[in-house]
Structure formats: structure tokens, C-alpha cells
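# Summary of structural features
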Amino acid sequence: MTTREKSWKEIAPAGVCSKSSIGFLTGDWKTYMPVRDLEKCTRCLLCVLFCPDGAIRWKPEKGDIEFDYNYCKGCGICANECPTKAITMKLEQE
Amino acid sequence: MKSIAKQEVMALNGDEAVAYAAKQSDVDVVAAYPITPQTIIVEKFSEYVANGEVQTEFICTESEHSALTACLAASVTGARTFTASASAGLALMHEMLFVTSGCRAPVVMAIANRALSAPLNIHGDQSDSMAERDSGWIQIYVENAQEVYDSIIQAFRIAEDLNVLLPVIVGLDGFTLSHTLENVKVLVDDVVQRFVGTRQLPDVLTHEGKKVPFKLDPESPMTMGPIALPDYYFEFKRQQEEAMKNALAVIQKVNSEYATVSGRSYGNGLVDVYCLEDAEVAVVCVGSTAGTIKTVVDELRQEGVKAGLLRIRTFRPLPVEEIRRALENVKAVAVMDKSMSFGGNGGAVFHEVRHVLYDAKAHPYVVNYIYGLGGRDTSPQELRAIYEDLQRILQTKRVEKPMQYLGLRE
């Protein structure tokens, strides 16, 4: 932190956020990352619905989905829910 | 001075007085779950809703935890919110009590004070709300049904004050007050509505750098009560302590403003002193027992005993200066606790009153009486015996038992 932390007199009550969460790249928490087999994927979009972090997005212009690894925490729910087993969780460093 | 508003006398028990005050206070949302001895409050209020006498959104929840969660959620959108509970119900709210005060949501809650299980007991003592004294809620304890009516109306003003923004518990002794019919003077609806006014909201700076009213609103999104790590959590807690300190002045102001409207006030709103000016022996208590003690004091005064009473009306924030000032010339003080702090060597009120007197110029003798647990009656004779104990302490200059049980079979 380069900026000075604020005193209790300077901050909004009730922990009202002073910064947007967009700036916090929570994707760096993950150990495993989802990898998709494009042949098996039917674009059913169940993974988009199930992702608890909204880190899988439907891109209509591409007609395809996209993982946002900046915010994906690697929970593996998408892999678990995928009806065609198109998503597998791989160790990030591999 | 404004003239006192026209009032009607109604026969109400404590619970009905609470419901009637909430009905007149323009409450937007009530979410509640019934539990003895609070049930009548919820029943009565749901009647008002069913009869179309109020515009309130009434939410029947499946538990007290959910009831307070719904109140919190409603309150942070800017709604005026009310609930009521007791005993195990309040205990089930425990987690959400802290979330509500931490979110600075000015929810008002009536607690019909009742013992906690086990063994199961539905009767009155103050174990339930005393156990929540560190949850960040303002706590006001009343002496009778009239005071609970007046205090509920005042509570909205106190909670919603921009220098406070804290939830308020108004405690009324279970059955002794909740189920006992009294003559209660009620103000007319528009006088109450004018007194409580419309809820105001402070401006806060959001993550987008916009200054917006402090409420959840899709038009100006904000996040409140999210994670605060070791770098900021402490600062938010310090803010809550400041709000509590501010409440001391606000409670007094609201008490005196209410007096100009209704003709009624309760001491200075924080403490209610009775015959203390020249008192040598005094009892300190919280709640309805004060009524009986006043009768005992009157008798003792006729016999020439310099007896007095201090009723702590506002227990949170603790009126430290007022308690010290009220007791500094008294020679022996008995503090009454209607709850236990097991293994704590005395009850909560005793601990705190004695802590306040540590900084007094003259140190009076301070002893503790645990009484009335599980709704056990406390007679005028027993209360008189406390004053006799205090006189004995003054004569012998010796405290034999710093903590005693009143009305317990040994």
C-alpha cells in the first residue's frame, strides 16, 4: 500500500466500499483452473449459470463462452456441472 | 413552551402499548416471530395490518434469525423497521444483532424480558437482553406500560438520528409489564407521526466516487457490511463506539422534546433518580422493580431513613457521568440484577455500577443482590430488607456478603 490508510473519522459507516471490487484480481487465489474441450462442449451454458463468481461469460459475438481467469477462483463447480464432461480442472502451474 | 397534546387514556398491557406505539410511528416493515411473553405485540400488530389500519409490510418469518435478517435488509434500504422478541428468540438473533448494529441499521426492537432455558421458563427476568449487552444495540429498560409506549416512539427518533444510526432494544419485564393491564395515555396519531418524522439518511461516498444517500438502491449501487480485514475492521468498530457516545446526548434531547409534547419524561432519559439528593442508602435497579422500590422508599422516608433509588433507564450506552453524579454522595449502594453472570462474581449491572464508582471521590460501599430469576416475585418486605442491610453496613462499617440472592431458598 502506497496510500495512507484512513482513520475511523474519514471512512463511510458500515463498511461501505470505497473501492470497486473490479480492481481486486481474485483469480490469483486459485490452484486449479478450468480447461475446456472445445469438441465436447455443446455451449449449453450451464457452466455460465452455475459459476458462483460470474467468471464464465457468454460472448454472443463469438457464439462461445470465455473463462475470465482474472476472477475464476478455481472452485471446479463448472467442471462438476458440465453434462458432457467438457471441463476438467488442471493444476495452474502445469 | 408548546402546549401539551391532547391525549386519550386506554387500558393496555405492556405488549399492546408497544404495538400501539409502533402502529402510530409510521413503520414501513415489521418482520417478527412470536414468542411468549412478546406474542401479543406480534398478534396485535398483525391485526392492525389485517384491518388495514397501517400501511406496513408485515413479514411472517420462520425464525427469529430470519426476522431480524429481514428487518436489517429492509432497514438498509431506508425503511423504518420494527420487530420484537424475547428469551430464546433473542438468543437465536444473536449473530444478526451484531450484523444489524455493524451495518448501522436503526431497527427498533421490543424485548419482553424473559428467562433463558434450561430449565424451561417463560417468566420474566433480564437474562436475555443482558446477555446481548455487547452487541452494539442501544438498550432502554422501562418501568411501566406507559413508559414502554413512550419509549418505543422515542426509540425511532434515537435510532434514526444521523449522529447515532444504531438499533435500539426497548426492554419491558415479561408478564409484570407485558401482560399487565394499565391505564396508558396515548397521543393522537398525527402528533406521534410529527414527532417521529420521516427517516433521514446521511450522504456517503461510494466506490464510484459519488455522494449518495446511505441506503441500498439499484440507482446508486453500494456495498455495505462486506469483508473488512485487519487493516480496516477496527476503525469500523471505533465508529460504532462513537455513535454510542453520541446517543447519550440524543436520548436526553429526545426525552425532553417528548416531554414538551406529552408532559411525560423519565429522569433525563438516561437515569431516573428518586429521593437521591440527600440519600445515605440507595438501591440501583433496572426495569419494573423500580415501581415497588419507590413505594418502599416513601415508607422509609416517613420513618426518617435517608433512602433513595437510582433507576438506570438507558443501560447501553452506560450513562457513566450520570450514575457517578447520582451516587457520589451516597454512603452505601445496593445494585440489583435480574440476571446472572455465572462465575462473574456478581451481575452485569453490579459490575458496571461498581466500575463507574471506582473514579468517584468518595467510595461508597457497593453490594449486589441477584433477584427475581425465572419470574420469582420480589416483595416490598424483601426490598425493605435490602435497605436494612445497607444501614447495618453503615453502622458496622463492614460488608459481610458483597453478593447475595434475594428470595432464594438456602
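Source: prediction; values computed, not measured.

What follows is about the pairing of strand S5 (residues 108-113) of chain B. All names here are of chain B. Within S5, six of the six residues are buried, leaving the element largely enclosed by the surrounding structure. Burial along S5 is two-sided: the residues Val108, Ala110 and Ala112 and Met109, Ile111 and Asn113 are all buried. Here strand S4 (residues 81-85) runs beside S5; their pairing, made up of four bridges, is parallel. The partner of Ser85 across the bridge, within S5, is Ile111. As paired elements, S5 and strand S7 (residues 168-173) share six bridges and run parallel to each other. Note on S7: the bridge partner recorded for Asn113 is Asp173.

Here we come to the pairing of strand S3 (residues 57-60) of chain B. Residues and elements named next belong to chain B. Alignment of strand S2 (residues 29-32) against S3, held across four bridges, turns out to be parallel. Bridged to Ala32 within S3 is Cys60. For the handedness criterion, the β-α-β arrangement of S2, helix H2 (residues 39-50) and S3 is classed as right-handed.

A few words now on the sheet that holds strand S12 (residues 281-285) of chain B. Residues and elements named next belong to chain B. As summarised here, the arrangement of the six strands in space is S11-S13-S12-S15-S16-S17, forming an open sheet in which the pairing is mixed. Strand pairing shows two members of the sheet lacking a second neighbour, strand S11 (271-274) and strand S17 (403-406), which therefore form its edges. The average undirected angle you get between the axes of adjacent strands in this sheet is 20 degrees. Of the pairings in the sheet, the one linking strand S16 (residues 365-371) to S17 comprises four bridges and is parallel in character. Residue pairing in the sheet places Asn368 in a bridge with Met403 of S17.

A ring pair, where both rings are aromatic, is described by two values, the distance of the centres and the angle of the planes. Residue and element names in this part refer to chain B. Evaluation of the coordinates by the stated rule reveals six aromatic pairs over all chains. Between Phe45 and Phe58, the aromatic rings sit 6.4 Å apart at their centres with planes inclined by 25 degrees, giving stacked as the arrangement. Residue Phe45 is located in helix H2, and its partner Phe58 is located in strand S3; the two are separated by 13 residues in the primary sequence. For the pair Phe45 and Phe58, one class covers both residues: buried. On the basis of an interplanar angle of 75 degrees and a centroid distance of 5.3 Å, the ring pair of Phe195 and Tyr258 is categorised as edge-to-face. Of the two residues, Phe195 is situated in helix H8 (residues 189-196) and Tyr258 in helix H9 (residues 233-262); the sequence distance between them amounts to 63 residues. Take Phe195 and Tyr258: they sit in the same class, and that class is buried.

A few words now on helix H3 (residues 64-75) of chain B. All names here are of chain B. Compared with an ideal rise of 1.5 Å per residue, which puts 12 residues at 16 Å, H3 spans 16 Å between its outermost C-alpha atoms and is within 8% of the ideal. Looking at H3, one finds that the buried residues are Glu64, Ser66, Ala67, Leu68, Cys71, Leu72, Ala74 and Ser75. Among the structural elements, S2, S4, helix H4 (87-92) and helix H5 (94-102) are those in contact with the buried residues of H3. The backbone nitrogen of His65 lies 3.3 Å from a side-chain oxygen of the residue at the head of H3, namely Ser63.

With that settled, the discussion passes to the environment of Leu248 of chain B. All names here are of chain B. On the secondary structure map, Leu248 appears in helix H9. Considering only alpha carbons, one finds Leu248 and Gly269, 21 residues apart in sequence, at a separation of 8.8 Å. Beyond its immediate sequence surroundings of up to four residues, Leu248 is in contact with Leu270, Pro317, Leu318 and Pro319.

Residues and elements named next belong to chain B. A sheet is described by the order of its strands in space; here seven strands give the open sequence S3-S2-S4-S5-S7-S6-S14, paired in mixed fashion. Each edge of the open sheet carries a strand with a single partner, namely S3 and strand S14 (314-316). This sheet shows a mean twist of 20 degrees between the axes of neighbouring strands, independent of strand direction. The strands touched by H2 within the sheet are S2, S3, S4 and S5, with S3 carrying the most contacts at an inclination of about 135 degrees. Across the face of the sheet, helix H7 (residues 145-160) comes into contact with S4, S5, strand S6 (138-141) and S7 while running at roughly 170 degrees to S7.

Conventions we followed
- Residues numbered from 1 in each chain as written.
- Chains lettered and ligands numbered in written order.
- Predicted model: local features only at pLDDT ≥ 70, side-chain atom pairs only at ≥ 80, totals over all residues.
- Heavy atoms only, no water.
- Buried < 20%, exposed > 50% of the residue type's maximum accessible area, 1.4 Å probe, protein only.
- Helix = DSSP H or I, 4+ residues; strand = E, 2+ residues; numbered from the N terminus.
- Pairing = 2+ DSSP bridges.
- Right-handed = clockwise from strand over helix to strand, strands pointing away.
- Axes fitted to C-alpha atoms, helices over the stretch in contact; angles between N-to-C directions.
- Phe/Tyr/Trp six-rings, centres within 6.5 Å; stacked < 30°, edge-to-face > 60°.
- Expected span 1.5 Å × (residues − 1).
- Contact = heavy atoms within 4.5 Å.
- Polar contact = N/O pair within 3.5 Å; in protein donor to acceptor, adjacent residues only side chain to side chain.

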